[in-house]
Amino acid sequence: MKTLFRFSGLLIVLMLSTDIAFSQKFELKGAIIDASSKETLPAANISIEGTYSGTITNSDGRFVLPVRSFPVTLVIRYIGYETQKITLKTMPNESLEIQMKPVSYELENVDVTGEDPAVYIMRQVIAKKMEWRKLLKTYRAEAYTRQRLNNDTGIVSINESISTAYWHFENGAREVIKSKRQTNNMTAANNFAGASYVPNFYNDDIEISGFKMMGVTHPDAIDTYAFKLEKYRMLDDKVVFDISVKPKSKLATAFKGTISVLDEDYALLEVDLVPNESMLFPPPIKEFNLYYKQQFNNFGGDFWLPVDVRIDGTISIAMMGLKIPKISFNQVSKLSEYEVNIPLPDSLYGYKRLFIVDSLSLVKNPDSLFAKRADIIPLSTKESQAYNEIDSTMTLEKAFKPTGFLAKMMEDDDDKDKKGSNSAFDKVFDYFFPEVWYNRAEGAHFGGDLHYTHQNVTAGVRGGYKTDYKGWGYGSYVEYKGNFKGNIEAKLFFNDDAVTRFSSPQYNRIFSSATFLFSGKDYFDYYWSKQYGFNASYEFRLNNPRRRRDRIEMKVGLGYLSDESRSLTKMTDYDIFATKKLERINPAVFNGKINSVKSFIQIGDDFIPFSPIGQSRAKFSIEHANSSLLGSDVDFTTYQIEIDYRIKTFFQRRFLPNALDVRLAAGTSTGDLPIQRLMTLDGTIGGFSPFGTFKSLPTTFYQGDKYVAFFWEHNFRTVPFELLGLTSLAEKGTSIIVFGSHGKTWLDNATSTALFPYAHVINGVHHELGASISGIFDFLRLDFIQRIDRPNFYIGLSVARIL
């Protein structure tokens, strides 16, 4: 449960000699109110004339502003009110109360020929931005951030930070955290408050939760957004245009809401925006709502810079058997003391990390700056109360405790310790892994793997009794896992046991056992193998020449196998319901010794069966058996290659764009390939049809001494349902997938005759096409498959493509 509520990411700690001494001596406090109604004005902008210093009021309309010396002139702005300028010659004896007078203004008709007024205004905003933005190269600002979590009963936690924010026009944002403060149920290590999360709504593109949203001042915004002039307000002697914003297409990854533009300057003053309906997340996220407000100020200069951001949001997480209480969150950040177009330290961009911790400051006193600095946004009454009342026992786990029959599965280790669930019986499974399966050659196999790990070395013995074979199988191994500039794995092993005649990237004996017991066919063939050998692999990373910040994962492996083989016969046809027809025979294999060396090279991760996500990877492998060098009774070489690749196709601005997944699998051989080394292409087991299988090939496989297959599927995500207006299905993450599988195997006549009538060779080329509904009950997909080379139609089930 703890990992469920931690913010993603970790902070890099750097030893920086940051000066934390400040020359401020005075602390102005006050409130901004409406002169007529006497109501407070939240987020009013207060700045010191002639400087980049300023702040905003909190939700109660109160502010705190540091002042280094007097006299000082305060400038207070709030759209729709007269700007106030107040000169203070000395520090006042009491808190200020500044009253703002609302203004009304009747604007004469604006005659803009041939173009809607709002569109004309936004063209000017975009043009002006392009002029000054190309001159802005860097900036530095002092920042304050507060993050708050709520549940349905009130505030759960508060995190705060004081930091220095940096921005570079090519390298982006960085932030040095100088001080942290949080409620007693949080630790500094889990306090991720920072202004670098703050989106700048003047940017062309705005990254939000994995979505690349088009900004309202993007060069293509006129084509993407529908702008409508709603009303006018006044700021001093200038008109402020309030313009409504919404995407022209409901599929666009964009915002909707209201923006305010200052006339003559054609500058954004503030935005009040939410992502549009296309911001959909996969299960188990059921609801994710975000609300953004941001203000800009040029401080009398050329550049319009963000002075704050206020974010509100709610998240609902639920799946079958599990529901987490709704999480509400709020963030407020302010930036001031800007310095523009200054050199930035090179050390800021030596790492990919967005946040850098000034460890000297934090180690001495994590929240010391909160006592020294006045330029923070005052806590609201409820927030102050939360700091006083929340203690260390009021954890996030308790505040957002899930309900449902699966909730117990998410208990953390601490909870298990308290309940005594880590008993001696439970600890047995730290050293023992059961092995249970059932097939037609062995009957039931009951056994296990007993192992012990010390540091990087694991030693184990395994074995089990086979009820119909009426004998034992057993083995042992020693395995090492370590690290030297990469991951190293090495294993020595011995086995005297029944094994499957071929390996499958998708299935194993346990998976096949369930189908066989419940009146289905046994998927695999089997033989007895007395084998010993070793495997070793090394996994490392290389720099990506195309993307400097990314690295390519590589893995190489080498092994030796001595396999003394003998055939097994079919021993049973039993199934639980006793309704099954006779099972096929278990074919004979080459009886003799196969001594071979194996090697492979792999780019990317290992293949993941039943994967809910797409993969990009490649693997090339060779097995070579030789009589003269290795003492094998047969000579052969196999070559196999598998390539998986994901291509983002449409709606690439989304967190989950439309994607085309492809898989190529091919192999060939030379020499006298024994039956137990034939290469295979998977069909389905019990109607289960994962990607990378022939979905219209029920409970069987293709085999050969050569093969080639191509699998593809295109995931349209929720777009078809969005277009049809079926919002409820789209919000549930239900998606449409189209797919196809094509392949062929070759087998020499002698081997084909020996295996008759179970040669499992394709006559011609297997072609199939189909469509899927993915996201049923969140994690399943229903496949509808039409065999093209034969008039057959099938329905299958698989794991949903969630990511």
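Each remark here, short or long, concerns the structure printed above.
Caption draft 1: View of the pattern of salt bridges. All told, the structure shown has 45 salt bridges when counted by the stated rule. In this structure, Lys 85 engages Glu 49 in a salt bridge whose closest nitrogen and oxygen atoms are separated by 2.8 Å. Of this pair, Lys 85 sits in strand β7 (residues 84-88) while Glu 49 sits in the loop between β3 (45-48) and β4 (54-56), and the two are 36 residues apart along the sequence. Of the residues examined, Lys 85 reaches a relative accessible area of 54% and is grouped as exposed. Using a relative accessible area of 42% as the deciding quantity, one classes Glu 49 as partly exposed. Among the salt bridges present, the one from Glu 142 reaches Arg 140, with a minimum N-O distance of 3.2 Å. A network of salt bridges, in which partner residues are shared, links Glu 435, Glu 442, Arg 462, Lys 466, Asp 497 and Arg 509.

Caption draft 2: Geometry of the packing of aromatic side chains. This structure, assessed with the given rule, holds 37 aromatic pairs. Taken together, a centroid distance of 5.2 Å and an interplanar angle of 65° make the contact between Phe 201 and Phe 255 edge-to-face. Of this pair, Phe 201 sits in the loop between β11 (172-182) and β12 (205-208) while Phe 255 sits in strand β16 (residues 255-262), and the two are 54 residues apart along the sequence. Both residues of the pair, Phe 201 and Phe 255, belong to the buried class. Both rings, one in Tyr 538 and one in Phe 540, keep their centres 5.4 Å apart while their planes meet at 25°; by these two values the pair is stacked. Aromatic ring contacts, followed pair by pair, group Phe 502, Tyr 507, Phe 511, Tyr 523, Phe 524, Phe 610, Phe 688 and Phe 701 into a single cluster. Geometry around Trp 437 places Arg 509 over its ring, the cationic atom sitting 3.9 Å from the centre. The residue whose ring lies beneath Arg 654 is Phe 651, and the NZ or CZ to ring-centre distance is 5.1 Å.

Rules of the game
Residues numbered from 1 in each chain as written. Predicted model: local features only at pLDDT ≥ 70, side-chain atom pairs only at ≥ 80, totals over all residues. Heavy atoms only, no water. Salt bridge = Lys/Arg side-chain N within 4 Å of Asp/Glu carboxyl O. Helix = DSSP H or I, 4+ residues; strand = E, 2+ residues; numbered from the N terminus. Buried < 20%, exposed > 50% of the residue type's maximum accessible area, 1.4 Å probe, protein only. Phe/Tyr/Trp six-rings, centres within 6.5 Å; stacked < 30°, edge-to-face > 60°. Lys NZ or Arg CZ within 6 Å of the ring centre and 35° of its normal.

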